[in-house]
Amino acid sequence: MSRGAFILLEGCDRTGKSTQAQMLVDRLTQLGHRAILWKFPDRTTGIGHMINGYLAKHQDLNDQAIHLLFSANRWEAVEQLANHLRSGTHLVVDRYAYSGVAFSAAKGLDLEWCKQPDVGLLKPDLTFFLDMPIQASMQRGGFGEERYEKEELQTRVRDLFLKLREPDWKVVDATETIDQIHEKLTKAAQETIQTVASRELQYGLW
Ligand code: TMP
Ligand code: MG
């Protein structure tokens, strides 16, 4: 049986990741695939509730503690993610460990320290980085509601994403239209689905 593909969307806040992730799941489903959306942070778990309280500014936590909670929120999902992939279901994942490192390092934590808790996680098969100028993303609805939605921080986050970028990432111009972006993502996802079908799951982030 062919395994599912792990498709990741990364980027700063308000770059359209969630919209594109949902559209990609719907499209793959229409094309006859089994595909599900997975969002990090997953705010529905116990750890996710703590993260949500922090992001909504209801609760303060020190930078290291929240960093480890974000990572734990991925580790608590890893068996479920692997089971979906093994059973042939594609995962469209909205943020992952690259967000984890980029946001914490942007606050001043050491980059190498930030990478450690996620060492050994499942590796994405395809990563899109939705990129646009921070000035432009700030004009989008809702910007500024949550803790990290500030221009200076987002600018540092973007630089860190670019530093973390792996050679095989697909950098997507997030200022293009929703449909243009969607077509690009669909095409690349279909190619990846074909190439990974007979491959073992990839552990060993980074
Ligand atoms: P969201 O807007 O995609 O729900 O993510 C909430 C915020 O959490 C966003 O500003 C990015 C940040 N974040 C981290 O700081 N570390 C992480 O590991 C993840 C997944 C998100
Ligand atoms: Mg957000």
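All figures in this text were calculated on a predicted structure; none of them were measured in a lab.

A short note on the nonpolar core
Note that soluble globular proteins tend to have their nonpolar side chains buried in a common cluster.
Phase 1 of the analysis: Residues Phe6, Ile7, Leu8, Leu91, Val92, Val93 and Ala102 are the most contacted members of the largest nonpolar core, which totals 46 residues.
Phase 2 of the analysis: Looking at this core element by element, the count peaks at seven residues for helix 5 (residues 97-106).

Side note on the UniProt feature "domain: Thymidylate kinase-like" (unreviewed entry) in the chain
Phase 1 of the analysis: Under the UniProt annotation, "domain: Thymidylate kinase-like" (unreviewed entry) lies at residues 9-184.
Phase 2 of the analysis: Between the C-alpha atoms that bound residues 9-184 there is a distance of 13 Å. The span itself is 49% helix and 13% strand.

Observations regarding unusual backbone geometry
Phase 1 of the analysis: Here the bond from Phe40 into Pro41 is cis, since omega is 0°, no more than 30 degrees from zero.
Phase 2 of the analysis: Topologically, Pro41 is positioned in the loop between strand 2 (35-39) and helix 2 (46-55).
Phase 3 of the analysis: Cis rather than trans, the peptide bond between Leu205 and Trp206 has omega equal to 15°.
Phase 4 of the analysis: Positive phi values are uncommon outside glycine, yet Arg14 reaches one of about 65°.
Phase 5 of the analysis: Assignment of secondary structure puts Arg14 in the loop between strand 1 (6-11) and helix 1 (17-30).
Phase 6 of the analysis: With 22 C-beta atoms counted inside 10 Å, the residue Arg14 sits in the buried group.

What counts and what doesn't
- Residues numbered from 1 in each chain as written.
- Chains lettered and ligands numbered in written order.
- Predicted model: local features only at pLDDT ≥ 70, side-chain atom pairs only at ≥ 80, totals over all residues.
- Core = buried A, V, L, I, M, F, W, Y, C linked by C-beta atoms within 7 Å.
- Buried ≥ 20, exposed ≤ 12 C-beta atoms within 10 Å, placed from the backbone.
- Helix = DSSP H or I, 4+ residues; strand = E, 2+ residues; numbered from the N terminus.
- UniProt positions renumbered as here; feature names shortened; annotations may be inferred.

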